[in-house]
Amino acid sequence: MNNPQKAKAILNHLRCKRLPTVKKAEQIFKKKVSSLQVPKGVQITAPPNFEASRLTLTISFNNGVQLKDKIRYLNELKGLDDLNFPWKMK
């Protein structure tokens, strides 16, 4: 592990000690997002430390047809209606 990686690991450890609720919320959110099985090139992210009130959806695509296919897939995706901040999830 190089020095920047060590520093990041130490800061992450200290953050977990100081803000265990935020760390738990991040774990719950990541688990929910991974259970959705979004298509390749689609990312759903929460703001750092959940400090903002909006989630972000990022879609990478090569052309309009691929974009339409991904949007269609997301529209039919089961479980997406339940996606929210961890403290608001069902």
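One structure accompanies this document, and this report is about it. (Residues numbered from 1 in each chain as written. Predicted model: local features only at pLDDT ≥ 70, side-chain atom pairs only at ≥ 80, totals over all residues. Heavy atoms only, no water.)

Glancing now at the overall build of the protein chain. When you go through the protein chain residue by residue, the secondary structure sums to three helices and two strands. Reading the secondary structure of the protein chain in the N-to-C direction produces α-α-β-β-α. In terms of overall size, the protein chain is more extended than a compact globule, its C-alpha atoms giving a radius of gyration of 16 Å where 90 residues would be expected to give roughly 12 Å. Judged by the C-alpha coordinates and their principal axes, the protein chain covers about 45 × 35 × 20 Å. For the protein chain, buried positions account for 21% of its 90 residues. Taking all contacts inside the protein chain whose residues are at least 6 apart in sequence as the whole, residues at least 24 apart take part in 53%. By element, 54% of the accessible surface of the protein chain is carried by carbon and sulfur atoms, the whole surface being about 7,200 Å². Between the mean site of the 18 positive side-chain charges and the mean site of the 6 negative ones, the protein chain shows a separation of 9 Å. (Helix = DSSP H or I, 4+ residues; strand = E, 2+ residues; numbered from the N terminus. Rg over C-alpha atoms; globule rule 2.2 N^0.38 Å. Buried < 20%, exposed > 50% of the residue type's maximum accessible area, 1.4 Å probe, protein only. Contact = heavy atoms within 4.5 Å. Areas by Shrake-Rupley, 256 points an atom, 1.4 Å probe, with all protein chains shown as cover. Lys, Arg positive; Asp, Glu negative; His and termini not counted. Charge placed at Lys NZ, Arg CZ, Asp CG, Glu CD.)

This paragraph deals with the side chain of Lys32. Within the secondary structure, Lys32 sits in helix H2 (residues 20-36). Of the side chains with opposite charge, Asp82 lies nearest to the buried Lys32, which makes no salt bridge, at 4.4 Å. Aside from chain neighbours lying at most four places away, what touches Lys32 is Gly79, Asp82, Leu83 and Met89. (Salt bridge = Lys/Arg side-chain N within 4 Å of Asp/Glu carboxyl O.)

Now for the layout of surface pockets. Space inside the largest pocket adds up to approximately 200 Å³. Considering the residues around the largest pocket, the lining is formed by 13 residues, among which Glu26, Phe29, Lys30, Ala46 and Pro47 are closest to the centre. Taken together, the elements giving at least two residues each to the lining of the largest pocket come down to helix H1 (3-18), H2 and strand E1 (42-45). Of all the elements, H2 adds the most residues to the lining of the largest pocket, at four residues. Of the residues assigned to the lining of the largest pocket, the class counts are six nonpolar, three polar and four charged. (1 Å grid on protein atoms, 1.4 Å probe; cavity = no way out; pocket = protein on both sides within 12 Å on 5 of 7 lines; lining within 4 Å. Points joined across faces, edges and corners; volume = space filled by probe spheres on them. Nonpolar A, V, L, I, M, F, W, Y, C, P; charged D, E, K, R; others polar.)

Bringing the environment of Ala25 into the picture now. Relative to the assigned elements, Ala25 resides in helix H2. On the basis of relative accessible area, Ala25 is assigned to the buried category, the value being 8%. Here the alpha-carbon distance between Ala25 and Pro86, two residues 61 residues apart in the chain, equals 5.6 Å.

By the alternation rule, side chains of E1 split into Val42 and Ile44, which are all buried, and Gln43 and Thr45, of which none is buried. Where E1 meets strand E2 (residues 56-59), four bridges bridge the pair, whose relative direction is antiparallel. Bridge assignment links Ile44 to a residue of E2, and that residue is Leu57. (Pairing = 2+ DSSP bridges.)

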